[in-house]
Amino acid sequence: MASQGLTTGFLSEIMKGNELENPVVQVIGSKRIASTGEQSERFRLLISDGKSLYSFAMLATQLNDIHKQGKLSEYTIIRIDRYTTSVINRNEKGEKRVLIIVELTVLKDGSEVGEKIGNPQPMTDTPSQSSSSAEKPSYGSATSNGSVRTPAPSAASANVSIAESLTHCISSLSPYQNKWTIKARVISKSGIRTWSNAKGEGKLFSMDIMDESGEIRVTAFKEQCDRFYDMIEPDKVYFISKCQLKPANKQFTNLKNDYEMSMTGETVVQLCTESDGSLPAIQYNLVPISQIANMEPNAMVDVIGVCKEAGDVVQFTAKASGRELRKREVTLVDSSNASVQLTLWGDDAQNFAATDNPVVLLRSVRISEFGGGKSLGLVGGSVMKLNPDMEEAFKVRGWFENEGRQASVSSISARTGAGTGFNTEWLSLQEATDRSLGAGDKPDYFQVKAMIHTIKSQNAVYKACPEADCNKKVIDQENGQYRCEKCNVEFPNFKYRLLVNMLIGDWTSNRYVTVFTELAEEMFGKSSQEIGTLVEHHTADAERLFTSFCFKSFVFKLRTKVEFFNEQARNKTTAVSATPVNHKEYNALLVKSIQEMTGVGKN
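Residues numbered from 1 in each chain as written. Predicted model: local features only at pLDDT ≥ 70, side-chain atom pairs only at ≥ 80, totals over all residues. Heavy atoms only, no water.

## Topic: the overall build of the protein chain
Helix and strand counts for the protein chain come out as 13 helices and 31 strands. The buried share of the protein chain, taken over its 603 residues, is 45%. Across the protein chain, contacts joining residues at least 24 apart in sequence account for 63% of those joining residues at least 6 apart. Working note: accessible area of the protein chain is about 30600 Å², and carbon and sulfur atoms make up 47% of it. (Helix = DSSP H or I, 4+ residues; strand = E, 2+ residues; numbered from the N terminus. Buried < 20%, exposed > 50% of the residue type's maximum accessible area, 1.4 Å probe, protein only. Contact = heavy atoms within 4.5 Å. Areas by Shrake-Rupley, 256 points an atom, 1.4 Å probe, with all protein chains shown as cover.)

Now the structure itself:
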């Protein structure tokens, strides 16, 4: 049977290290590769170019769904739109060249073709450089590490620069290949973090990088931290090779990649000085400041705004850890006529250039909520740029200079209090239940005047990570060290955090609510450290403190959301503010409600 449009000879050419554009091949069979979990699932194809059969073709993970949908059945004809090759070492079996398919187009379904095209024969892999490949310099020749480079005219080619290697795309990388070079742009770079535990001391930094196919996190430890930290700059492009690839720990990264990299003693990093625009610029999903008010706490967001004002750098000593900290509050505004508070720490706070109202671009910053107000904070992987050269920056600058500087804007960071400024609906606890508040996709808020019945002293405090931006519960190693699984570090100390459960009630019903650290400190008039010490070492005093608040009334602003635990629905209610009752204003509210129900006072 004729080749029917297959790219005859394609497989033999790539085995020599050559490249052909948009080859057409036929899928003869496929196999799922055994894996340790869904994240590392891969599919291997047996493909034919009409002349040769090859069984070491791998689908990049982003194509897994195509296979699962049955679109790559036997005899299907596909066009390979983008691919890369790599040589893997199989120990005693020697090296093997693998074809990794990154993008493809299904040209004809296997059911329509119905048979194998031609009489293809299994081929033998020849990963080493051959004389025939040297005769075709226009394609390039295969190097010992599986990349492709242009032949050099002299023996100096043995020291060929990494920049001359054929680059792989990030999405094609997997533990099944160990020799590759990527060309990627640095999205963000963290500061250096240190640790000290029973096993010794160390340091690390991480960076997020991207190319046209995807993103990945790279972490450098100890010696590699010293080697590469100063040379890496955000938004610049680098050639990177010889890193160790491993499954990503999704606790520490929001990137859409199943893998992450660790630098090793053999890692090579070289700045790309080309300006060919081959890599896309960093993409931002910018959200107007006014919309942040409706977003969930801990969500990540991209924002651009003008610094309307900036507070001074405040230095203080953390009560829990004894560390010296630096903090600065910055107010950002944009054309949505809203402002939000940005909290900066450490060097970010110290080095922020607050003069001349700079435009501030933020990528992947975290939303926090306290007292009903929203604020922003930088975390690992966040990016902050001042006066960026982009259209959105020019627009917000123009708005600020023409009208925004004098405009009256609403602050989404303002904490709502009790009284006339409290804009959340008044409901009784029973009314909130009858309306099924919290059962929707988003949480609901309401306010109620209620009395505290009981406060649970059990589990009211917990030992948390001493890092300023981490509140994860630590594990007592029982050797004087406390381990934070989130930071992956052991500390000789911890900080107390509050998680107080109390039963409140009004004239209609009762409900358990949770009060977190900041609000609990405000209500009890004591720091977390003081309350934690009482609970841990002076139980009777802690009980007296909590009991003294029983039968006291507050105006609570509550957040309620139905969550599922072991497939059981529970309505989780959190207090976001609790203020003493202003009886004059509350009585005025009651009078107004009576008038509305009876029609008294209406014209």
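Read on for the rest.
## With respect to the packing of aromatic side chains
Here the structure, examined in full by the defined rule, presents 10 aromatic pairs. Ring geometry for Tyr482 against Phe494: centres 4.9 Å apart, planes inclined by 65°, an arrangement best described as edge-to-face. Remark: Phe494 occurs in the loop between strand S27 (489-491) and strand S28 (495-505) and Tyr482 occurs in strand S26 (residues 482-484); sequence separation between them is 12 residues. When the ring of Phe524 is compared with that of Phe549, the centres are 4.9 Å apart and the planes differ by 90°; the resulting orientation is edge-to-face. In this pair, Phe524 is assigned in helix H10 (residues 517-524) and Phe549 in the loop between helix H12 (539-547) and strand S30 (553-565), connecting sequence segments 25 residues apart. For Phe549, a relative accessible area of 9% puts it in the buried group. (Phe/Tyr/Trp six-rings, centres within 6.5 Å; stacked < 30°, edge-to-face > 60°.)

## Some points on the confidence of the model for the protein chain
Taken over all residues, the pLDDT of the protein chain has a mean of 80, while the share at 70 or more is 83%. The model gives residues 416-423 a pLDDT under 50, and that stretch makes 15 contacts with residues more than four places away or in other chains. (pLDDT = per-residue confidence, 0-100.)

## A closer look at the environment of Glu530
The residue Glu530 is located in helix H11 (residues 528-537) in this model. For the pair Glu530 and Tyr496, spaced 34 residues apart in the sequence, the C-alpha separation amounts to 8.8 Å.

## A word on the sheet that holds strand S25 (residues 475-476)
Sheet architecture is open: three strands sit in the order S25-S26-S27, paired in antiparallel fashion. The outermost strands of the open sheet, each flanked by one partner alone, are S25 and S27. Where S26 lies against S27, three bridges are found, and the strand directions are antiparallel. Counted as the bridge partner of Arg483 is Glu490 from S27. (Pairing = 2+ DSSP bridges.)

## Structural notes on H12
Where H12 is concerned, the buried positions are Ala542, Leu545 and Phe546. An end-on view of H12 places all buried positions within 95° of arc, on one side of the element. Tucked into the core, H12 has its buried residues touching strand S23 (444-456), H10 and H11. (Arc of directions from axis to C-beta.)

## Focus on the side chain of Ser382
Along the chain, the position of Ser382 falls in the loop between strand S20 (373-377) and strand S21 (383-386). Within the structure, the side chain of Ser382 is placed 2.6 Å from the backbone oxygen of Ser364, a separation counted as a polar contact. Within the structure, the side chain of Ser382 is placed 2.9 Å from the backbone nitrogen of Val379, a separation counted as a polar contact. Aside from chain neighbours lying at most four places away, what touches Ser382 is Ser188, Arg363, Ser364 and Val365. (Polar contact = N/O pair within 3.5 Å; in protein donor to acceptor, adjacent residues only side chain to side chain.)

## Side note on the nonpolar core
Ile452, Val500, Met502, Met523, Phe524, Phe556 and Leu558 are the most contacted members of the largest nonpolar core, which has 45 residues in total. Beyond its immediate sequence surroundings of up to four residues, Phe556 is in contact with Phe446, Gln447, Val448, Ala450, Ile452, Ile504, Met523, Ala575, Ser577 and Ala578. One finds Val25, Leu59, Leu72 and Tyr83 within the second-largest nonpolar core, a separate group that totals 26 residues. (Core = buried A, V, L, I, M, F, W, Y, C linked by side-chain atoms within 4.5 Å.)

## A few points about empty space enclosed by the protein
A full pass over the atoms with the stated rule returns two cavities of 30 Å³ or more. Each pocket or cavity is described by its volume, and for the second largest cavity that value is around 40 Å³. Forming the walls of the second largest cavity are Arg42, Met58, Val98, Ile100, Ser174, Tyr176 and Gln177. Partitioned by chemical class, the residues of the lining of the second largest cavity number four nonpolar, two polar and one charged. (1 Å grid on protein atoms, 1.4 Å probe; cavity = no way out; pocket = protein on both sides within 12 Å on 5 of 7 lines; lining within 4 Å. Points joined across faces, edges and corners; volume = space filled by probe spheres on them. Nonpolar A, V, L, I, M, F, W, Y, C, P; charged D, E, K, R; others polar.)

## Some points on the pairing of strand S12 (residues 215-221)
Judged by how many residues are buried, S12 sits mostly within the fold: five of seven residues are covered. Summarising the sheet, strand S11 (residues 200-210) and S12 pair through seven bridges and their orientation is antiparallel. Bridging from a neighbouring strand, Met207 pairs with Val218 of S12. What sits between the antiparallel neighbours S11 and S12 is a turn of four residues.

## Details of the pattern of salt bridges
Under the defined criterion, the tally for this structure stands at 18 salt bridges. Across the pair Arg363 and Glu215 runs a salt bridge, and its minimum N-O distance is 3.2 Å. In this pair, Arg363 is assigned in strand S19 (residues 359-370) and Glu215 in strand S12, connecting sequence segments 148 residues apart. Exposure remark for Arg363: the relative accessible area of 11% places this residue in the buried category. Taking relative accessible area as the criterion, Glu215 reaches 21% and is therefore assigned partly exposed. Each of Arg185, Asp235 and Lys385 takes part in one network of salt bridges that share partners. (Salt bridge = Lys/Arg side-chain N within 4 Å of Asp/Glu carboxyl O.)

## Observations concerning helix H13 (residues 583-598)
End to end, H13 covers 22 Å across 16 residues, agreeing with the expected 22 Å (1.5 Å per residue, within 8%). Immediately downstream of H13, the backbone of Gly599 shows phi near 80°, a positive value. (Expected span 1.5 Å × (residues − 1).)

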